[in-house]
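Single-letter residue listing:
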Amino acid sequence: MGIKTVTDYVKFYINLEMQKSVSLLSFINNEKIVLKHKLENRKLDKESILNGIRILEKLTEEIKSGGEAAVLEKYGK
C-alpha cells in the first residue's frame, strides 16, 4: 500500500480534485470499506491494510473534532 500517513491520504484526496462533489469524510469512509474488503484477501499484507484503516480512523476523529476545513488545511500543504 503506497499511502502510509495522514498527510498522504489528504493529499491523495486533494489531487483527485473531487472536493466539490465528495466530502473528505465520505471519501475516508469509502476508503475504509475498501480496505476492510481487502482484509478478506489472504494473499495481501494485512498489517499495511490495518495501518491504513488506523490512519483513516484518526482522520475521521480529527474531522469530527476540528472540522473538515481544518484537516484539509493542516495536512493539505
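Going by the structure above, here's the rest.
The text that follows walks through the structure, step by step, so that each part is easy to find. (Residues numbered from 1 in each chain as written. Predicted model: local features only at pLDDT ≥ 70, side-chain atom pairs only at ≥ 80, totals over all residues. Heavy atoms only, no water.)

Quick notes on the overall build of the protein chain
Turning to step 1, where the next piece is worked out: In terms of helices and strands, the protein chain carries 4 helices and 0 strands.
Turning to step 2, where the next piece is worked out: The principal-axis extents of the C-alpha atoms in the protein chain amount to approximately 35 × 20 × 20 Å.
Turning to step 3, where the next piece is worked out: Relative to its full complement of 77 residues, the protein chain shows a buried share of 29%.
Turning to step 4, where the next piece is worked out: In the structure as shown, the protein chain presents an accessible area of about 5,100 Å², 53% of it carried by carbon and sulfur atoms.
Turning to step 5, where the next piece is worked out: Separation between the mean location of the 14 positive side-chain charges and that of the 11 negative ones in the protein chain comes to 3 Å. (Helix = DSSP H or I, 4+ residues; strand = E, 2+ residues; numbered from the N terminus. Buried < 20%, exposed > 50% of the residue type's maximum accessible area, 1.4 Å probe, protein only. Areas by Shrake-Rupley, 256 points an atom, 1.4 Å probe, with all protein chains shown as cover. Lys, Arg positive; Asp, Glu negative; His and termini not counted. Charge placed at Lys NZ, Arg CZ, Asp CG, Glu CD.)

Remarks on unusual backbone geometry
Turning to step 1, where the next piece is worked out: With a phi close to 55°, E17 is a non-glycine residue in the positive phi region.
Turning to step 2, where the next piece is worked out: Relative to the helices and strands, E17 resides in the loop between α1 (6-15) and α2 (24-39).

Brief notes about the nonpolar core
Turning to step 1, where the next piece is worked out: With 17 residues, the main nonpolar core has Y9, L24, L59 and V71 as its most contacted residues.
Turning to step 2, where the next piece is worked out: Every element with two or more residues in this core is listed here: α1, α2, α3 (46-66) and α4 (68-75).
Turning to step 3, where the next piece is worked out: If you tally residues by element for this core, the top one is α3, at 6 residues. (Core = buried A, V, L, I, M, F, W, Y, C linked by side-chain atoms within 4.5 Å.)

Here we look at α1
Turning to step 1, where the next piece is worked out: Taken as a whole, α1 has its buried residues at V6, Y9, V10 and Y13. One side of α1 holds all its buried residues, which, seen down the axis, span an arc of 95°.
Turning to step 2, where the next piece is worked out: At the C-terminal side of α1, E17 shows a positive phi close to 55°. (Arc of directions from axis to C-beta.)

Observations regarding the packing of aromatic side chains
Turning to step 1, where the next piece is worked out: Throughout the structure, instances matching the rule amount to 2 aromatic pairs.
Turning to step 2, where the next piece is worked out: Judged by centre distance (5.8 Å) and plane angle (50°), the rings of F12 and F27 are tilted. Of this pair, F12 sits in helix α1 while F27 sits in helix α2, and the two are 15 residues apart along the sequence.
Turning to step 3, where the next piece is worked out: With 5.2 Å between their ring centres and 45° between their planes, Y13 and F27 make a pair best called tilted. On the criterion of sequence distance, the pair formed by Y13 in helix α1 and F27 in helix α2 is long-range, its members being 14 residues apart. By the burial criterion, Y13 is buried, and F27 matches it. (Phe/Tyr/Trp six-rings, centres within 6.5 Å; stacked < 30°, edge-to-face > 60°.)

From the geometry alone we can't say anything about function, so treat these as descriptive.
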